[in-house]
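Results of the structural survey
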Amino acid sequence: MADRPPGHWATVADLDASSVVDFRYSPRRHRRAKVVAVLGAAALLAAYAALFDEPWWQAPLRFGWIGAVVALVLNWQLRRQPRLPLRLTDETLHLTGPNGTGLSIDWVNMTSAQVRGRLDPRLVVTPRDPEQTRPPMRPGQWSTPGRGPYELVVRLNWMTPGPDTLRRELARRLPAT
């Protein structure tokens, strides 16, 4: 091993690494997010009860319907969106669509593919020619309200490996424009 200045770490590149990268749902990350949400809600509930001098159980009765409406709307919106797992190969991005259907888009057929957001990361993909995807996309087939007819949005919450890895892989695989 070569001598290097203090504070520099050796990096070893795995030359035999596969060029296929799979991104999948991580139950461990999901459980961790649930625990953080419950602890945060408990802290807010305690602060509300102390600030307004009310019993703790009155706040969920008063504001619980808001959470139920938000959960129903989110569930309705997410039904039509593509889901994890994702697979990146040298030639293609493979998505899992609604009802478990698959969609493959070649890298040369992408107008854009970006990971947006930090707290709620999403992969936003726009194919150049929707007829060249496998299977061919129909207008509005997987898009959500307020988006273009062929724009795909994949929620990346609780994904392993993380969104930063996906950003690096997209930068490496997308053709330079």
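Here's the deal with the pairing of strand E6 (residues 122-127)
With six bridges joining them, strand E5 (residues 110-116) and E6 adopt antiparallel strand pairing. Following the sheet pairing, Met110 is matched in E6 by Pro127. Taking the residues that link successive antiparallel strands as the turn, the E5-E6 hairpin has five residues, and the phi of Gly117 there is positive, at about 90°. When E6 meets strand E7 (residues 152-155), the two strands line up antiparallel, connected through four bridges. For Arg122, the partnering residue across the bridge sits in E7 and is Arg155.

Some thoughts on the packing of aromatic side chains
For the coordinates displayed, the defined rule picks out two aromatic pairs. Between Tyr48 and Phe52, the aromatic rings sit 4.8 Å apart at their centres with planes inclined by 50°, giving tilted as the arrangement. Of this pair, Tyr48 and Phe52 both sit in helix H1 (residues 27-52), four residues apart, which is roughly one turn of that helix. Pairing Tyr48 with Phe63 gives two aromatic rings, centres 5.6 Å apart and planes at 90°, and the pair type is edge-to-face. A residue pair is termed long-range when its members are at least 10 positions apart, and Tyr48 in helix H1 and Phe63 in helix H2 (residues 58-78) qualify at 15 residues. You can call Tyr48 buried: its relative accessible area is 18%. Among the aromatic residues, ring-to-ring pairing joins Tyr48, Phe52 and Phe63 into one connected group.

Each value, and the rule that gives it
Residues numbered from 1 in each chain as written. Predicted model: local features only at pLDDT ≥ 70, side-chain atom pairs only at ≥ 80, totals over all residues. Heavy atoms only, no water. Pairing = 2+ DSSP bridges. Helix = DSSP H or I, 4+ residues; strand = E, 2+ residues; numbered from the N terminus. Phe/Tyr/Trp six-rings, centres within 6.5 Å; stacked < 30°, edge-to-face > 60°. Buried < 20%, exposed > 50% of the residue type's maximum accessible area, 1.4 Å probe, protein only.

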